[in-house]
Structure formats: structure tokens, C-alpha cells
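Residues per chain, in single letters:
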Amino acid sequence: MAARPDTELSSALSLEQLPTDPLLLILSFLDYRDLVSCCYLSQRLNQLSSHDPLWKRHCKKYWLISEEEKIRRNQSWKAIFTSIYSDLGRYIQYYATLKKAWDDLENYLGQWCPRMISSLKESAREEDLDAVEAQIHCKLPDDYRCSFRIHNGQKLVVPGLMGSMALSNHYRSEDLLDIDTAAGGFQQRLGLKQCLPLTFCIHTGLSQYMALESVEGRNKYEIFYQCPDQTARKPSAIVMFITGTSYLEWFTSYVNEVVTGGYPIIRDQIFRYVHDKKCVATTEDITVSVSTSFLPELSSVHPPHYFFTYRIRIEMSKDALPEKTCQLDSRYWRITNAKGDVDEVQGPGVVGEFPIIGPGKVYEYTSCTTFSTTSGYMEGYYTFHCLCYKERFFNVTIPRFHMVCPAFKATNPNGSAVDEDQDSTGNDDSRDRRRVLDFPAPSGCCSCHT
């Protein structure tokens, strides 16, 4: 049999000659951009690429549209995709991730912190974001703009959406600023040039900033807490504790900690204690677990002074016998800084109390400590005595828990930055002078969410 001419072979393999069903199957694997491109190739591909079921996957993937939402809109899948794209198309690579984060957060708050829901603001308009860019003469990153098209931050209220922290004489609760308030706090002064505040605490004045340009040694879109460099000659010199490399990473990682129970809920507020699941020790029927937090507003790099707080949970198994009920008499701590210096602290009770622990009972308290190094760890034990057998004393292990401050860099007034060595303490060779302060846990603590 003679070979067919190339033109005949080409015609036989043309997509145009395929039956409708196989061709629709091929089109179902295309991304929305390629699907749109097919509309311009031929009349037949234009007709088939408008087949409505092809757009269902894209509506769900990029805009999180459910079957129920489609019925409510009373539109075809393609019409829905096109309509949303005309409004939010520039954010298509971020929208689904941020919308899911906001939805997950709202669902969680509705269950555990319902009063916080009412503080959330409706979405910002595209023209509002454009107006802010014109006002501050800087472009806002698209992931930030996308998030504010979903929720325009929150009202300046307590509690703040971005977490709280409380000690006996110190309270912090950070609000996520709406776009107008953030623009009002846009910085052009030395040390914070072209930095936009993301959060604000009305009690401490603390903010997390986002760098809109790569100036003064910052990376573009880096997010940080700022603290003054008290040893610098110029007051504009600051140190930045880095909390995120982009808005998307910063916001979604925080939401993930919240909705997975990583942060405890105390008095209808999100407290930013981090619990290491390995940081648990059980002695007989008593379990001790620890969560920790770094407080940038009470810390300093120059001079070195790093402030940490920790939350202790002491719990007796509900299956323990009633005669196992006991009372805490004293505590012992062994505290080691990054240079290997060791301090030992021993004293009666905790937070001035001598709690009694029985089957199924929980006792919690908060405490804090400072290091002159960027990291350190603590471990120790509590001494208890049995109430039924008062002559019986025993020790309960406190697991070793580490405290490490976030990555940071020092910026000088000339605009350059120096990444600091996290295990370095500069020229300070003096022994770490330590304070260990105990505070009772805030009342109303929700013990099942620690």
C-alpha cells in the first residue's frame, strides 16, 4: 500500500476531526487561560470551549464556588467565572488561598470567639485600594490587596484579631488595621521608610509593619516588629524581629495556627502561645505541658534583653484514684542560656499559690523569664505531697522547653542591614542575670484548648 501524503496524514490527526466527546475530554485538562485561547482557534473549538461543565472545575479551584452558590447566582459556570474574573482577575493566584483562610477563620471564631466576628469589616473596593496607593505613592502587594477585597481588616476594638498576650501588669491585643487606618500610619521617617502598619495594639502602641520597598536594608514585603537600638548613636536606628516574608505567608500561617488549635483560647481571645507537642512529661498520674511565647515589645537586641513568657498546664488523670489527690509544695528550675550558663531557682509554691490537684483536675499558670542570649531552655520539677498520706512527698518532672527569639536584623540610618547571629550575644560576656516571675493564668481559662 502506498504511503499517504503528509497533508493527508496531518488532516487525519487534526483535532478538528476528533469526535466531540474525546475533544471535550482533552479540553477538560486545560487551564482557564488555554481554554480561553481555544476560543480563537476555530469556530468548532470556540463552541466546545464554551461547554459549561468545563468551567465548573475552574470556578471551584480559583473562586471556591460551590454547587449551592451556583444555584443562588442562577448563572452558568462560565458566566460565573467570567463575572468574578472581571472583578478579581488580578488576584487569581491568591484568591482561593486567602478566601479559604478567611472562611476557616470566621468559622472558627464563630465557634470559639463569636464577639470577634462583629469587628470584621466588609470588603474594600478596588478604587479604595487604588486611592491609598496614590496617597502613599507606593504600590500595595497583590496578596495584601486581595485579602482586603475579602475583609477590610477590623474595627479598633479589643480583642484584636491577630492575637493577645497578658501578664499581671502587661496586656497586648493586636487589631488587623483597615486600609484607611493603615495608610494613615504609613511611615516615611528614618528607620521605617516606606513601611505600612498591618496591626496595632491600642494598649502598647505596638505594630507589625510591612516594607513596601527594599530600602534601609529591608527586603520588599518583609513583615516585622520594630524595636529601637538603644546603643546606636542615631535614634532612627532600629532592629526588626521578622514575622513574615510576604503577606500571604504571614496571614495564612497565623490562621493555620488558630484554626488547628495551635493557639489557646482564653476569655474569648486568641492567645499566641506556641505548644511543642514533644514538650510534655508525665509522672505517675500527673502530666505537665508547656507552651511559650516571645514578647518583642518587652525585648531589646542592643542591649541584649530577650523576654519570653510560658504557660504551664498541670493535670491529673481522670482515672487516678481519689487517694492520689495531692498538693504542690515547691518548684525547682534549672535554666540554661545559649552560652551554657546555668542558673538554679527554687522556691515555695507557684505564683504564690499551693494548688491541690485531684483526678481530672487541671491547674494552669503563666510565668516569664528574660535572657541576655537569643535562646535558652528551662527544665525542672515540682514537689508534691499526698493529702491522704502527708508524709509522702514526690517530684513531678517539668519537661525541658526551649525559647528562641525570631530571626532579626539591625538596620542603620545609612540604609544597610546586618543579619544577626541567633546564638550571638555581641560583646556581652557577663553572666545572664535572670528574673523568673510567676503570674497566675488569666481567669476563665478554657482548659480544653491548651
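Not measured: the values here are computed from a predicted model.

Conventions and cut-offs
Numbering of residues begins from 1 in every chain and follows the order in which that chain's sequence is written. Only residues with pLDDT of 70 or above have their local features reported here, since the model is predicted, and side-chain atom pairs are shown and tallied only from 80 upward, although totals for entire chains, interfaces and linings are computed over all residues. As a rule here, side-chain values cover all heavy atoms of the structure and leave hydrogens and water aside. Here, a salt bridge means any side-chain nitrogen of Lys or Arg that lies within 4 Å of a carboxyl oxygen of Asp or Glu. Helix and strand assignments come from DSSP, with helices taken as H or I runs of at least 4 residues and strands as E runs of at least 2, each series counted from the N terminus. Partly exposed describes any residue whose relative accessible area lies between the buried limit of under 20% and the exposed limit of over 50%, with all areas from a 1.4 Å probe on protein chains only and scaled to the type maximum. Grouping buried Ala, Val, Leu, Ile, Met, Phe, Trp, Tyr and Cys residues that are joined through side-chain atoms within 4.5 Å yields what is termed a nonpolar core. A contact between two residues is defined here by any heavy atoms of the two lying within 4.5 Å. The rule is short: rings of Phe, Tyr and Trp, with Trp giving its six-membered ring, pair when the centres are within 6.5 Å, and they are stacked under 30 degrees, edge-to-face over 60, tilted in between. For helices, the fitted line uses only the C-alpha atoms of the stretch in contact; every axis is such a line through C-alpha atoms, and the angle between N-to-C directions lies from 0 to 180 degrees. The labels follow the angle: roughly parallel below 35 degrees, roughly antiparallel above 145, roughly perpendicular from 65 to 115, and oblique for the rest. The crossing is said to be left-handed when, going from far helix to near helix, the turn is anticlockwise and less than a right angle, and right-handed when the turn is clockwise. In this count, Pro and Cys sit with the nonpolar residues alongside Ala, Val, Leu, Ile, Met, Phe, Trp and Tyr, while Asp, Glu, Lys and Arg are called charged and the others, Gly among them, polar.

Asker: A description of the pattern of salt bridges should follow, citing residues and the corresponding values.
Answerer: All chains considered together, the criterion is met by 30 salt bridges. One salt bridge connects Arg90 with Asp142, and the closest N-O pair in it is separated by 2.8 Å. Residue Arg90 is located in the loop between α7 (77-88) and α8 (95-112), and its partner Asp142 is located in helix α11 (residues 142-150); the two are separated by 52 residues in the primary sequence. Since its relative accessible area comes to 24%, Asp142 is described here as partly exposed. Sharing partners across several salt bridges, the network here consists of Asp87, Arg90, Glu126, Asp130, Glu133, Lys139, Asp142, Arg145 and Arg149.

Asker: Go over the nonpolar core, please, and point to the residues and values.
Answerer: By size, the foremost hydrophobic cluster in this structure holds 64 residues, and its most contacted members are Trp63, Leu140, Tyr144, Leu161, Tyr247, Phe251 and Ile270. For Trp63, the residues in contact, after removing those within four places along its chain, are His58, Phe81, Ile84, Tyr85, Leu88, Gly89, Ile92 and Tyr95.

Asker: With reference to specific residues and values, describe the packing of aromatic side chains.
Answerer: This structure, assessed with the given rule, holds 27 aromatic pairs. Measuring from ring centre to ring centre gives 5.8 Å for Tyr32 and Tyr85, while their planes differ by 55°; the resulting arrangement is tilted. Of the two residues, Tyr32 sits in helix α3 (residues 32-38) while Tyr85 sits in helix α7, which places them 53 residues apart along the sequence. Tyr32 gets classed as buried once you look at its relative accessible area, which sits at 5%. Relative accessible area serves as the criterion here: at 36%, Tyr85 is assigned to the partly exposed category. Taking the centre distance of 5.8 Å and the plane angle of 40° together, the rings of Tyr254 and Tyr263 count as tilted.

Asker: So what's going on with the packing of α8 against α11? Residues and values would help.
Answerer: Following both chains from N to C, one finds α8 and α11 inclined at 45°, their axes separated by 10 Å at the closest point. As summarised for this structure, α8 and α11 are arranged oblique, according to the angle between their axes. Along this stretch, α8 crosses α11, giving a crossing that reads as right-handed. Touching Tyr95, Leu98, Lys99 and Trp102 of α8 are Asp143, Cys146, Ser147 and Ile150, all from α11. Across the contact of α8 with α11, the residue classes break down as five nonpolar, one polar and two charged.

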